[in-house]
Amino acid sequence: MYAFVRRRCCSNTNYYYQFLKPRGFSALIKSSPCSINDAQHDPNNSVLVQGEAGSRMAILNRPSVLNALDNSMLVRLQKLYQSWEDNPDIGFVTLRGRGRAFCAGGDVVGFYRSISIGDLDAIKEVFWNINNLIYLINTYMKPHVALLNGITMGGGAGISIPGTFRVATDKTVFATPEALIGYHPDAGASFYLSHLSGYLGEYLALTGDKLNGAEMIACGLATHYSLDAKLPLIEEQLGKLMTDDLSVVESSLEKYGDLVYPNSNSVLLRTETVDRCFSHDTVEEIIDSLEDEATKTNDPWCTATLKRLKEVSPLSLKVSLRSIREGRFQTLDQCLIREYRMTIKGLSKQISTDFCEGVRSRLVDKDFAPKWDPPSLQQVSEDMVDEYFSPLKELGSELELPTAKREAFM
């Protein structure tokens, strides 16, 4: 994972940026009109723009819903990013959220409503666009800085972790909680989680457990750490820069960096237990291992982890585990294409209604009593899991990414 974090900080990166200028995103954006000249400073706009001189900052501007991504945001971000990449006067791009979240992920309640009225095409459009945006950020020809202050989950992690720099703070809360709502970690999560040290990725994917900023920097999900109170200074410093030099941008971030370590309760200090329990081939074996560990050690962490796993959709547990394991042997673009397939399969209700049931129970009715289908691990057949990973066929086109024109860094 540490090699992944350093992938763009090597000495020849600027040379690579200078001579490799891929194009080709415009044709892949699926939606209607969104001009970068449309009221850029309008507070009603879902993405605000700031910047003078040599950089631009995009600000996710839906604070009332924790900056959850909807299609209009995704389309606007893609067009802004493409325009900025083409502009030789802009050296780098910064992304942050407004309010108490960086980005809580996709607008899952919106997806739930679209499914309820049978509008699967609207969902396809959103996930097509978010995966193309993630790929654009990963292949971006200019330094990209994400300020992960506050809640950073799901799609929020997806549009930040593939970029050059990620600044975590004392207010950062990271998680991939999708399995808790009958879904699976997506937005590139099967790539970056599977490349964490040991089996931490499996633990995070299956339990949906949270990491704070100190833990993000310790495990490599973030590249820098700074206190929330220093972010205005960081933004001011970045705003003065006129450069596309990675080392200059990095030095500016380090100027306000803080040294921090995970606390004594952190899961990162339980790596041996996590690896021992979550390295097994099946969810059933993982649970058996945790139960054995709990019996031997009487460790409250094991008991709490077991309780969390038993609250998750059994089908999502099996699908998510397989997704992380496949991600270990795939590139980011391959993971995105596979995750898109899994998403359309999962949200079409042809295999299970767990996503709708999970969103209903946690976010709509809030009774926290989902009725999973199937209700137990024993009733989840191998065929059901296989179906998530099979070609879409009658459900529509497979995800297209401009891999021939933009070479992925990961």
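Our structure's up above, just so we're on the same page.
Reading the values: the criteria
- Residues numbered from 1 in each chain as written.
- Predicted model: local features only at pLDDT ≥ 70, side-chain atom pairs only at ≥ 80, totals over all residues.
- Heavy atoms only, no water.
- Core = buried A, V, L, I, M, F, W, Y, C linked by side-chain atoms within 4.5 Å.
- Buried < 20%, exposed > 50% of the residue type's maximum accessible area, 1.4 Å probe, protein only.
- Helix = DSSP H or I, 4+ residues; strand = E, 2+ residues; numbered from the N terminus.
- 1 Å grid on protein atoms, 1.4 Å probe; cavity = no way out; pocket = protein on both sides within 12 Å on 5 of 7 lines; lining within 4 Å.
- Points joined across faces, edges and corners; volume = space filled by probe spheres on them.
- Nonpolar A, V, L, I, M, F, W, Y, C, P; charged D, E, K, R; others polar.
- Expected span 1.5 Å × (residues − 1).
- Polar contact = N/O pair within 3.5 Å; in protein donor to acceptor, adjacent residues only side chain to side chain.
- Axes fitted to C-alpha atoms, helices over the stretch in contact; angles between N-to-C directions.
- Parallel < 35°, antiparallel > 145°, perpendicular 65-115°, else oblique.
- Contact = heavy atoms within 4.5 Å.
- Pairing = 2+ DSSP bridges.

Enquirer: Teacher, can you tell me more about the nonpolar core here?
Expert: Grouped burial of nonpolar side chains is what soluble globular proteins tend to show. Formed by 90 residues in total, the largest nonpolar core has its most connected members in Tyr81, Ile159 and Phe278. The leading source of residues in this core is helix α5 (residues 120-138), at 10 residues. Grouped together as the second largest cluster of nonpolar side chains are 13 residues, Phe92, Leu147, Leu231 and Leu253 included.

Enquirer: What should I look at first to understand the layout of surface pockets in this one?
Expert: Gaps between atoms show up when a probe of the same size as a water molecule is rolled over them. In this structure, the largest pocket encloses a volume near 920 Å³. Around the largest pocket, the lining comprises 37 residues; the ones closest to its centre are Ala104, Val108, Met153, Pro177 and Leu363. At the level of secondary structure, the elements contributing two or more residues to the lining of the largest pocket comprise α4 (108-116), α5, β6 (151-153) and α17 (354-364). Per element, the largest residue contribution to the lining of the largest pocket is 5 residues, and it comes from α4. Each residue belonging to the lining of the largest pocket can be placed in one class, and the counts come to 22 nonpolar, 6 polar and 9 charged.

Enquirer: Looking at this structure, how should I read helix α16 (residues 332-347)?
Expert: A turn of α-helix holds 3.6 residues, and therefore any two residues three or four places apart point the same way. Here α16 spans 22 Å end to end across 16 residues, near enough to the 22 Å set by a 1.5 Å rise per residue. Following α16 by one or two positions, Lys349 adopts a phi angle in the positive range, close to 70 degrees.

Enquirer: How do you make sense of the side chain of Glu85 when you look at a structure like this?
Expert: Along the chain, Glu85 falls in helix α3 (residues 71-86). Judged by its relative accessible area of 1%, Glu85 is buried. Separated by 2.9 Å, the side chain of Glu85 and the backbone nitrogen of Met141 make a polar contact.

Enquirer: Got a minute to help me understand the packing of helix α12 (residues 271-278) against helix α13 (residues 283-297) in this structure?
Expert: Each pair of packed helices can be described by the angle between their axes along with the distance between the axes. Orientation of α12 relative to α13, taken along the N-to-C sense of each, is 135 degrees, at an axis distance of 8 Å. Classified by the interaxial angle, the pair formed by α12 and α13 is oblique. On α13, the residues that touch Thr273, Arg276, Cys277 and Phe278 of α12 are Ile286, Ser289, Leu290 and Glu293. Considering only residue class, the contact of α12 with α13 consists of 4 nonpolar, 2 polar and 2 charged.

Enquirer: Would you take a moment to explain the sheet that holds strand β4 (residues 101-103) for this structure?
Expert: Backbone-to-backbone hydrogen bonds join strands into a sheet, with any given pair of strands oriented parallel or antiparallel. Reading across the sheet, the 4 strands line up as β4-β6-β8-β9 and stay open at both edges, with mixed pairing between neighbours. A strand with exactly one partner marks an edge of an open sheet, and here the two such strands are β4 and β9 (211-212). Of the strand pairs in this sheet, strand β8 (residues 173-175) and β9 are connected by 2 bridges, and their pairing is antiparallel. What sits directly across from Phe174, in β9, is Leu211.

Enquirer: How should I be thinking about the sheet that holds strand β10 (residues 224-225) in this particular structure?
Expert: Spatially, β1-β2-β3-β5-β7-β10 is the arrangement adopted by the 6 strands of the open sheet, whose pairing is mixed. The sheet is open, and its two borders are formed by β1 (47-50) and β10, each paired with just one other strand. Taken together, the 6 bridges between strand β2 (residues 55-60) and strand β3 (residues 92-97) define a ladder with parallel strand orientation. Note on β3: the bridge partner recorded for Ser55 is Phe92. Packed onto the sheet, helix α10 (residues 231-240) meets β2, β3 and β5 (144-148) and runs at close to 165 degrees relative to β5.

Enquirer: Where do I start with empty space enclosed by the protein in this structure?
Expert: Within the structure shown, the criterion is met by 2 cavities of 30 Å³ or more. In this structure, the largest cavity encloses a volume near 50 Å³. Together, Gly182, Tyr183, His184, Leu315, Ser316, Val319, Gly346, Leu347, Phe355 and Tyr388 line the largest cavity. Where the lining of the largest cavity is concerned, the elements lending two or more residues are α15 (314-327) and α16. Considering every element that reaches the lining of the largest cavity, the biggest residue donor is α15, with 3 residues. For the lining of the largest cavity, the residue count by class is 6 nonpolar, 4 polar and no charged.

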